[in-house]
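Structural overview for review
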Amino acid sequence: MNQSIRDKLEHLSGRLDELDRMLASGDATSDMDEYRKLSREYAELGPVVALYQTWRHTEADLSSALEMLVDPEMREMAEAEVAAARERLPQIEADLQKLLLPKDANDDRNVFLEIRAGTGGEESALFAGNLFRMYARYAERQRWQVEVLSSSVSDLGGYREVIARIVGNGVYSRLKFESGAHRVQRVPETETQGRIHTSACTVAVMPEADALEAVQINPAEIRIDTYRASGAGGQHINKTDSAVRITHLPTGIVVECQDDRSQHKNKAQAMSVLAARIRDMQEREQHESIASERRNLIGSGDRSERIRTYNFPQGRVTDHRINLTLYKIEAIMDGDLDDLLGALTAEYQADQLAMLAEGE
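Residues numbered from 1 in each chain as written. Predicted model: local features only at pLDDT ≥ 70, side-chain atom pairs only at ≥ 80, totals over all residues. Heavy atoms only, no water.

Side note on helix H2 (residues 32-68)
- If you check H2, its first and last C-alpha atoms are 53 Å apart, about what 37 residues at 1.5 Å a residue would give, namely 54 Å.
- Of all the bends in H2, the largest measures some 30° and sits at Leu 45, one to four residues before the proline Pro 47.
- Considering only its buried residues, H2 is in contact with helix H1 (3-24) and helix H3 (75-99). (Helix = DSSP H or I, 4+ residues; strand = E, 2+ residues; numbered from the N terminus. Expected span 1.5 Å × (residues − 1). Bend = angle between axes of the 7 residues up to and from the residue. Contact = heavy atoms within 4.5 Å.)

Observations regarding the sheet that holds strand S2 (residues 145-153)
- In spatial order, the strands read S2-S3-S1-S5-S4-S9-S10-S11; together these eight strands make up an open sheet with mixed pairing. Edge strands, defined here as strands with exactly one partner in the open sheet, are S2 and strand S11 (324-326). Across this sheet, the average inter-strand angle for adjacent strands is 15°, counted without regard to direction.
- Lying on the sheet, helix H4 (residues 121-141) is in contact with strand S1 (111-117), S2, strand S3 (159-167), strand S4 (180-186), strand S5 (197-207) and strand S9 (306-311); it crosses S4 at an angle near 110°. (Pairing = 2+ DSSP bridges. Axes fitted to C-alpha atoms, helices over the stretch in contact; angles between N-to-C directions.)

As for the packing of aromatic side chains
- If you walk through the whole model with that rule in mind, you get five aromatic pairs.
- A centroid spacing of 5.3 Å and a plane angle of 65° characterise the contact between Phe 127 and Tyr 310, whose relative ring orientation is edge-to-face. Note that Phe 127 is positioned in helix H4 and Tyr 310 in strand S9, a separation of 183 residues in sequence.
- Its relative accessible area of 0% is what places Phe 127 among the buried residues. (Phe/Tyr/Trp six-rings, centres within 6.5 Å; stacked < 30°, edge-to-face > 60°. Buried < 20%, exposed > 50% of the residue type's maximum accessible area, 1.4 Å probe, protein only.)

Some details on the pattern of salt bridges
- Under the counting rule described, the total for this entry stands at 26 salt bridges.
- With a closest N to O distance of 3.6 Å, Asp 334 and Arg 141 form a salt bridge. Of this pair, Asp 334 sits in the loop between helix H7 (329-333) and helix H8 (338-359) while Arg 141 sits in helix H4, and the two are 193 residues apart along the sequence.
- The shortest N-O distance in the salt bridge between Asp 319 and Arg 321 comes to 2.7 Å.
- A cluster of three or more residues bridged by salt bridges with shared partners is formed by Arg 133, Arg 137, Glu 140, Arg 141 and Asp 334. (Salt bridge = Lys/Arg side-chain N within 4 Å of Asp/Glu carboxyl O.)

Examining unusual backbone geometry
- Non-glycine residue Arg 143 carries a positive phi angle of around 65°.
- A positive phi angle, close to 55°, is found at Asn 323, a residue other than glycine.
- Counting through the fold element by element, Asn 323 comes out in the loop between strand S10 (316-319) and S11.
- Given the relative accessible area of 68%, Asn 323 is considered exposed.

As structure tokens, then:
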């Protein structure tokens, strides 16, 4: 193991012991915010230090087995132990390197998912509905909660636009590579001659901000309009101006929420979405200014970047960023995204490990 990595692991072991003492002290809960912060750090360091202890024990076993080789009576058993330890150590070291990769501060956050129909008219809106169902089914498999904040339904039951909040453990870490243009190739329901059409939707996945104050929205820089909600929901929905539209004047970002009967709740939801959009825009601008001198294997995250094609006649889904094609389109559209998302995460980690190696 690289000495710098070993030094870092020794430091983390000491820090875990320190946190253990701090959390066990009598006044640990006097400041609950600090207590939660320390508890979160303790939970994050625990698996790393435990695996490091496994590595140390395996290395000690290897050293003992090598010493036993000189004893003729113990030689056969020692050779087996040496072989086993030498086989385990590289895998443990690889797992440790992954655990030491820089954590994305947003990984544990809930997200706002936005899907918009693009080129392709009504067929694009239908595909937007298919994509929303795909993510909703995946969320159901993960036991996440999905709350629709705003939607615009097309004539045939698709979505011109749908915005949802997804709540659960590690939502952003799993869905953060989904932003971009999703293309579909299939025979539309409206096509009478059986011709294959190509249409597209854009997907945006944005981490939910901790608090509106973190984004610093100046009340003087927003315009709030109220109007009567339209669409399904019963007669009551059009009797009051419960729908809310918020315009952020400096950026031109517009957010609408109309899915709740309460104007107050719609305003709160719209402000949360606005904060997430502003934060997302700021982070993307920051990433661009830092300069991507290095090729990002997972793509730029640009909303216009074509990231994936869903070809129904051939039953395949292709992710263009990692050249991965899976012939299981029905399962994927039903929310079976683990193979896709797992491959994207693995590629991203490989890129991070390469940068880590270059920095050593």
